[in-house]
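The residues making up each chain are set out below.
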Amino acid sequence: MRTIGVGLSALLAAQLAMADPIPEENGFSGSIGLGVGGNRVKSNLFKGDKNQRTNSLNSAPESHNDSFALPVLDLSYTFAASRTQIVFDSQIHDPLGMDDTLELGVRQQVGNNGIVSAGLLYGGLNKNTWTDPYAVGVDRDGTKRKSTGVLLGWENIMGTGFKAQLTQRNIKIDDERSGQSVAGLSAADRATLNRNGDATLLKAGYEWAFAPNQTLTPGLSWGKDKLDGGAMSNKSYGLSLDYAYSSDLNTLSAGLQFRKQRFDQSNPLFGNKKADSKAYAVDLNYLRHQLFGEKALSAFVSAAYGKSNADISFYDAEIRSLGVGLIYSF
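A brief look at the structure comes next. Note that the structure is a prediction, hence the values are computed from the model and not measured.

1. Regarding the environment of Ser43
Mapping Ser43 onto the fold places it in the loop between strand S1 (27–42) and strand S2 (63–79). Residues in contact with Ser43, not counting those within four places in the same chain, are Asn51, Pro61, Glu62, Asp316 and Ala317. Among the polar contacts made by the side chain of Ser43, one reaches the main-chain amide nitrogen of Leu45 at a distance of 3.1 Å. Separated by 3.0 Å, the side chain of Ser43 and the backbone nitrogen of Phe46 make a polar contact.

In structure tokens form, the structure reads like this:
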């Protein structure tokens, strides 16, 4: 069973649309929770429990099922007089890639000009991948994918509904051997498959409170993965639309994302084609508050679906996820 699964991404994917104001009183606040869930995944790159072996580089991935524990974490401490808040929570960078990251940061309210934030990022709790994803007909060995970086953000920019977030991360594969199993591949060609390097992601959106307790947030994203391997380096462009409804007893959020990726170089394993792709993801999340009459206790249901179609079928991916659990807020 996995420690953290894509269900966590589904639960938190709409966070850009649901930023909270800094509390008016000193002290701790936040929520902790735990749930369970399951994924049905098609991916040649994501290391699951049942896809150790691939039989061909020329076919799309087969599906496999995974179960996971689903922790929920959002902790903060507020210094009310200075309008400062220390936060420790999860950031979601790529629901399609099941890329979740922990943040330790600070948020500062700047009068009526909004809330600025900065944080340190660490990803590596659930970053199992393959040392060589292209090994055919044998059980592939697993390794760790880790990332460290920084986050900068600005909410309610100049008192408006605009918000933006910039992240910069360094990605490290502990044992990177991409292409080493492929006979006849030169060292230069093998180097183009290296997955280590830097990743930049910029997101911006506008939160529109179009009705009582309801918001709609359209957004744009731009990303650049400057990796050591040119065939892995890419730029991405995305659109998103998030909906949120919140009342004393119910919170409902839904999100839709669309993304294009354009790779820098052709891939030597696939007739020198590029792995350009189009992808989309949808998620739906429901929380029922005051469960069993307990004001601080909530139950949640979280579901997500994502699909990526690449010009090289080996890189196609599809993700279905469902999770349920309990959250305690304070």
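More follows now that the structure is in view.
2. A closer look at the packing of aromatic side chains
Evaluated as defined, the whole model comprises eleven aromatic pairs. With a centroid separation of 4.7 Å and 70° between ring planes, the pair formed by Phe28 and Tyr77 is classed as edge-to-face. Taken as a pair, Phe28 in strand S1 and Tyr77 in strand S2 lie far apart in primary sequence, 49 residues in all. Tyr77 gets classed as partly exposed once you look at its relative accessible area, which sits at 27%. Pairwise contacts between aromatic rings join Tyr134, Phe270, Phe314 and Tyr315 into one cluster.

3. Quick notes on the environment of Lys278
Note that Lys278 resides in strand S14 (residues 277–288). For Lys278, a relative accessible area of 45% puts it in the partly exposed group. Linking Lys278 and Val110, residues 168 residues apart in sequence, is a C-alpha distance of 39 Å. Beyond its immediate stretch of four places on either side in the chain, Lys278 contacts Phe258, Arg259, Lys260, Arg262, Lys307, Ser308 and Asn309.

Rules and cut-offs
- Residues numbered from 1 in each chain as written.
- Predicted model: local features only at pLDDT ≥ 70, side-chain atom pairs only at ≥ 80, totals over all residues.
- Heavy atoms only, no water.
- Helix = DSSP H or I, 4+ residues; strand = E, 2+ residues; numbered from the N terminus.
- Contact = heavy atoms within 4.5 Å.
- Polar contact = N/O pair within 3.5 Å; in protein donor to acceptor, adjacent residues only side chain to side chain.
- Phe/Tyr/Trp six-rings, centres within 6.5 Å; stacked < 30°, edge-to-face > 60°.
- Buried < 20%, exposed > 50% of the residue type's maximum accessible area, 1.4 Å probe, protein only.

Read these as spatial facts, not as claims about activity.
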